[in-house]
Amino acid sequence: MSLKIENLSANIGDRQILKGLNLEVPKGQVHAIMGKNGSGKSTLAKVMAGHPDYEVTGGSVTLDGLNLFEMQEPDQRARAGLFVAFQYPMEIPGVTIANFIRAALQARLPEGEELDAVEYYEHLYKKMDALKIDRKFTSRAVNEGFSGGEKKRCEVLQMAMLNPVYAVLDETDSGLDIDALRIVSDGVNAMRSPERGFLVITHYQRLLDYIVPDVVHVMVDGRIVMSGDKNLAHKLEAQGYDWVEKEILATA
Amino acid sequence: METKPDLNIDRSVGDFHYDVDYEFDAGTGLTEKTIDYISDVKEDPDWIREFRKDALRKFNSMPMPTHWASHDLENIVFDNIRYYLSQGTQPKRSWDDVPEDVKRTFERLGIPEQERKFLAGVEAQFDSEAAYSNIKAAVGEQGVIFVGSTEGLQKHPEIFKKWFGKVIPTGDNKFSALNSAVFSGGSFIYIPPGVKVKHPLQAYFRINAENFGQFERTLIIADEGSEVMYMEGCTAPKFETSTLHSAVVELVALKGAKIQYITVQNWSANVFNLVTKRGLAHEEAEIKWIDCNIGSRLTMKYPGVIMKGRKARGEVISIALAGDGQHQDTGAKMVHAADETTSNIVSKSISIGKGRSTYRGLVQIGRHLKGCKNNTECDALLINTDSRTDTYPAITVRGKENACQHEASVSKISAEQIFYMQQRGISEAAAMSLAVNGFVNDLVQQFPMEYSVELKRLIDLEMEGSVG
Ligand SMILES: Nc1ncnc2c1ncn2[C@@H]1O[C@H](COP(=O)(O)OP(=O)(O)OP(=O)(O)O)[C@@H](O)[C@H]1O
Ligand SMILES: [Mg+2]
């Protein structure tokens, strides 16, 4: 059981961004991806989610054996268990957080079944309290006028409410203050379970002190070029990416 | 026996029709003969026959307003339209007496059920005439009159004649002239002084025939200190050819009276909906239009209030939803003609795909007046980049002691935002519904419960249809 990405290639317009990417996150594990700006990390997340701007030109992604690309619509993939916390979450004017998450949960129920409103709010408030999000946020439009850190917390709130099987966190630590980083990490750690896998995209080793990864991958130019344990993150933090590129050239 | 509707019907609740034998049919095209036919069938008094003929002359002499309005109007072929179709001019007082096929139609649209649940009276118009018209006994005993326009002019000429055509003169525009020439159906309502009708009166307008024009005429008079809420709904099946709906609605609120007029239209995409609606508010009277326009090919409608007496109040709250290939050209007209009159306009439009919304507002405050206020708020939501919205506010305020406030906003829901919502497991149609319902929510909360539920359901259906 795993999130398995095989030989994945994808374009935006005429430009190839992902160039035969391989990666497997077994269920129950946390994997981290690090890599320079523009190496294709967010592209990977969006391609998996089914963003309409990207064209998949080869390879496959399977979710516990389920072919993701056989599901046309992004919402089908989401309901199959994939969640992406975006690097730049969208603002949705007029749609409150409470209504948004409620609609997302409702979409997972069989036809004709109604979400219990009281239970829903109890559950929502509990998760908000844990993430130290003011309850007043429930009536604010999704991400509208939120600070950078508030947006990230709201992404984690959605993840906590939707209980995905595989979650991709794209730079969820960027923009968080020191306390928020701790709170959000606790939130993610509380969700770690043998029944769930995480793919954490980050630029900073510091996050990985809180959310300790099983494997760290390095992405260069649309490919995973190196994988290791958490110490690889320390080395990248200390030395940057130049040595990685040299090492690949040497072995190529 | 009710047959089970096939699945396609869910797209648009009103998209079905039955073959009906019409007893009266004025044929296609519009001449003096058509008018004589209608007047004969309806046994019009001479003054109405003359009124109609005068209106026909005005209609023929007036140009299409394409110098400011959509050129799509030129696609209406007046010669191909049928101007009068009915199975008789007398509406039934009991659903049991309504002909089977017509009754089936209204049952499918849920009208008798709503009547039992929460209405004070119902009129159900099928093509040119009301098939059913009834008012709860208790309401009738208060002296409330709720009948069709024909019965109104025949049985209550003293009230009817005084106000008919006074708020909206025949030559107000080409389509008010057309309506005045061939009008049939619609409601005549009179509320006696001080009577407050607790539950809403409802009219339902159903177009069943192809190549048909529906021209109902409604006149509501609320006498001093009375209150009434009137709601109208409308549907038509989807035909290949175009259908014309051109109504005239006149409201008169005498001193201290309150009229609330609520429309939730759900026309199919082949309907030209060209409607003139205006109210006359006397001293301290209040007229409020709530207008929800969903569907149709082209809607042109600018409900207005003439505030004729001191401290009169006018309000227009409108929601227009333009799906692919539709054009909602709506707005409001506020004429302040006395001191201390106040008006409020809130317009929300939604354009999807190639849908187009236009807002036209007119606010007039005379130079000699004091203490008048207008507030106009005009918000547009664009879903997908092709959508288009235009705003043409025209505000003429004269005199220093009056205040006008105008706010406008445009928000957009892009493919990127829809994608974000879909990533949470919400389907494209549900995501659009969520955005639209969020956008109109503050307005919908002011609607009666039954109508807000209905509106939400229509929005959901429209979104499903637009995703295809
Ligand atoms: N719409 C687009 N049109 C053209 N190029 C694009 C588009 N979207 C992304 N790209 C390019 O794709 C490349 C990969 O972008 P991506 O966002 O995946 O990088 P990233 O690894 O997430 O970077 P960062 O660390 O800065 O978030 C970048 O060079 C970017 O400019
Ligand atoms: Mg990125």
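The rules behind these values
- Counting of residues starts from 1 at the beginning of each chain's written sequence and follows it residue by residue.
- As a convention, the first chain written is A and the first ligand written is 1, with the rest following in written order.
- Residues qualify for local features only when their pLDDT is at least 70, as the model is predicted, and side-chain atom pairs are given and counted only at 80 or more; totals for whole chains, interfaces and linings, by contrast, use all residues.
- With hydrogens and water set aside, each side-chain value is computed from the structure's full complement of heavy atoms.
- Each helix is a run of DSSP H or I of at least 4 residues and each strand a run of E of at least 2, with the numbering of both proceeding from the N terminus.
- A helix's residues, less one, multiplied by 1.5 Å, set its expected span.
- Relative accessibility under 20% of the residue-type maximum defines a buried residue, over 50% an exposed one, and the middle range a partly exposed one, all with a 1.4 Å probe and only protein chains included.
- The rule for donors is simple: an N, O or S atom within 2.8 Å of the metal counts, and for Na, K and Ca the reach is 3.2 Å. Water is not among the atoms, so a site may look short of donors.
- If even one non-hydrogen atom of a residue comes within 4 Å of a molecule or strand, that residue is called near it.
- Each polar contact in these results corresponds to two N or O atoms within 3.5 Å; when the atoms are within protein, one needs to be able to donate a hydrogen and the other to accept it, and residues that are neighboring in sequence are counted only if both atoms are side-chain atoms.
- Note on areas: these come from Shrake-Rupley sampling with a 1.4 Å probe, and a residue is covered only by the protein chains present in the view.
- Note on residue categories: nonpolar means Ala, Val, Leu, Ile, Met, Phe, Trp, Tyr, Cys or Pro, charged means Asp, Glu, Lys or Arg, and polar means any other residue, Gly included.
- Each pair of strands is called paired provided DSSP finds at least two bridges between the two strands.
- Lines are fitted to the C-alpha atoms to define the axes, a helix being fitted only along its stretch in contact, and any angle between axes, read from their N-to-C directions, falls within 0 to 180 degrees.
- Here, residues are in contact when the closest pair of their heavy atoms is within 4.5 Å.
- One speaks of a salt bridge when a side-chain nitrogen belonging to Lys or Arg is within 4 Å of a carboxyl oxygen belonging to Asp or Glu.
- The term buried area means the drop in 1.4 Å probe accessible area that two parts suffer when joined, counted for both and summed.

A.B. asks: I keep staring at helix H11 (residues 449-467) of chain B and nothing clicks. Help me out?
C.D. replies: Structurally, the α-helix is built with 3.6 residues per turn, so residues lying three or four positions apart point the same way. For H11 of chain B, built from 19 residues, the straight-helix expectation of 27 Å at 1.5 Å per residue is met to within 8% by its first-to-last C-alpha distance of 28 Å. Within H11 of chain B the residues assigned to the buried category are Tyr 451, Ser 452, Leu 455, Leu 458, Ile 459, Leu 461, Glu 462 and Met 463 of chain B.

A.B. asks: When you look at the coordination of the magnesium ion (ligand 2) in this model, what are you seeing that I'm missing?
C.D. replies: Angles at a metal have ideal values that depend on geometry: 109.5 degrees with four tetrahedral donors, 90 or 180 degrees with six octahedral donors. Residue and element names in this part refer to chain A. Distances from the magnesium ion (ligand 2) to its protein donors, Ser 42 (OG) and Gln 87 (OE1), fall at 2.0 Å. In this pair, Ser 42 is assigned in helix H1 (residues 41-49) and Gln 87 in the loop between strand S6 (82-85) and helix H3 (97-106), connecting sequence segments 45 residues apart. No difference in accessibility class separates Ser 42 from Gln 87, as the two residues are buried.

A.B. asks: I would appreciate a short explanation of the site of ligand 1 in the present structure.
C.D. replies: Residues and elements named next belong to chain A. Surrounding ligand 1, one finds 15 residues, the nearest of these being Gly 38, Lys 41, Ser 42, Thr 43 and His 203. Contact between ligand 1 and Ser 42: an oxygen atom at 2.8 Å from a side-chain N or O atom of the residue. His 203 has a polar side-chain atom sitting 2.8 Å from an oxygen atom of ligand 1. In isolation ligand 1 offers 640 Å² of accessible surface; the protein chains occlude 66% of this area. Of all the secondary structure elements, the ones that give two or more residues to the shell around ligand 1 are strand S2 (15-26) and H1. Of the residues forming the shell around ligand 1, the biggest block, three residues, is contributed by H1. Considered class by class, the residues forming the shell around ligand 1 number three nonpolar, eight polar and four charged.

A.B. asks: How do you make sense of unusual backbone geometry when you look at a structure like this?
C.D. replies: Among all residues save glycine, negative phi is the norm, and among peptide bonds the norm is trans. Unlike most non-glycine residues, Asp 221 of chain A shows phi in positive territory, near 45°. Along the chain, Asp 221 of chain A turns up in the loop between strand S9 (215-220) and strand S10 (223-228). In the Ramachandran plot, Asp 127 of chain B falls in the positive-phi region, its phi being about 55° despite a non-glycine side chain. Residue placement: Asp 127 of chain B occurs in the loop between strand S3 (121-126) and strand S4 (129-135).

A.B. asks: I'm lost on the sheet that holds strand S8 (residues 197-201) of chain A in this one. Help?
C.D. replies: To summarise the sheet geometry, strands pair through backbone hydrogen bonds and adopt either a parallel or an antiparallel arrangement. Residue and element names in this part refer to chain A. Across the sheet, which stays open at both edges, the six strands sit in the order S6-S7-S8-S3-S9-S10 with mixed pairing between neighbours. Two strands in the sheet have a free side with no partner beyond their single neighbour: S6 and S10. Strand-to-strand twist of the sheet, defined as the mean angle between neighbouring strand axes without regard to direction, takes the value 20°. Taken together, the four bridges between S6 and strand S7 (residues 166-170) define a ladder with parallel strand orientation. By the bridge assignment, Val 84 is partnered in S7 with Val 168. Strands S9 and S10 of the sheet are contacted by helix H9 (residues 242-251), whose axis makes an angle of about 105° with S10.

A.B. asks: What's the story with the pattern of salt bridges in this structure? I'm lost.
C.D. replies: Two side chains with opposite charge may pair up if their charged atoms get near one another. Residues and elements named next belong to chain B. One pass over the structure, following the stated rule, counts 34 salt bridges over all chains. In this structure, the salt-bridge partner of Asp 72 is Arg 297, at a minimum N-O distance of 2.7 Å. With Asp 72 in the loop between helix H2 (46-61) and strand S2 (85-86) and Arg 297 in the loop between strand S15 (286-295) and strand S16 (298-301), this residue pair connects regions lying 225 residues apart in the sequence. Residues Asp 329 and Arg 360 are paired through a salt bridge, measuring 2.7 Å at the closest nitrogen-oxygen approach. Placement of the pair is Asp 329 in strand S19 (residues 327-336) and Arg 360 in strand S21 (residues 356-365), with a sequence separation of 31 residues. Given a relative accessible area of 17%, Arg 360 falls into the buried group. One salt-bridge network, held together by shared partners, links Glu 32, Asp 36, Asp 40, Arg 49, Lys 53 and Arg 57.

A.B. asks: How should the interface of chain A and chain B be read in this particular structure?
C.D. replies: Put simply, an interface is often sized by how much accessible area is lost when its parts join up. At the interface, 34 residues of chain A touch 19 residues of chain B. Both sides of the chain A and chain B interface together cover about 2000 Å² of buried area, and 67% of this is carbon and sulfur. Linking chain A with chain B are one salt bridge, by the criterion used here. Residue Glu 155 of chain A pairs with Arg 424 of chain B through a salt bridge whose shortest N-O separation is 2.6 Å. Inspection of the region where chain A meets chain B yields 14 residue pairs in polar contact (both at pLDDT 80 or more).

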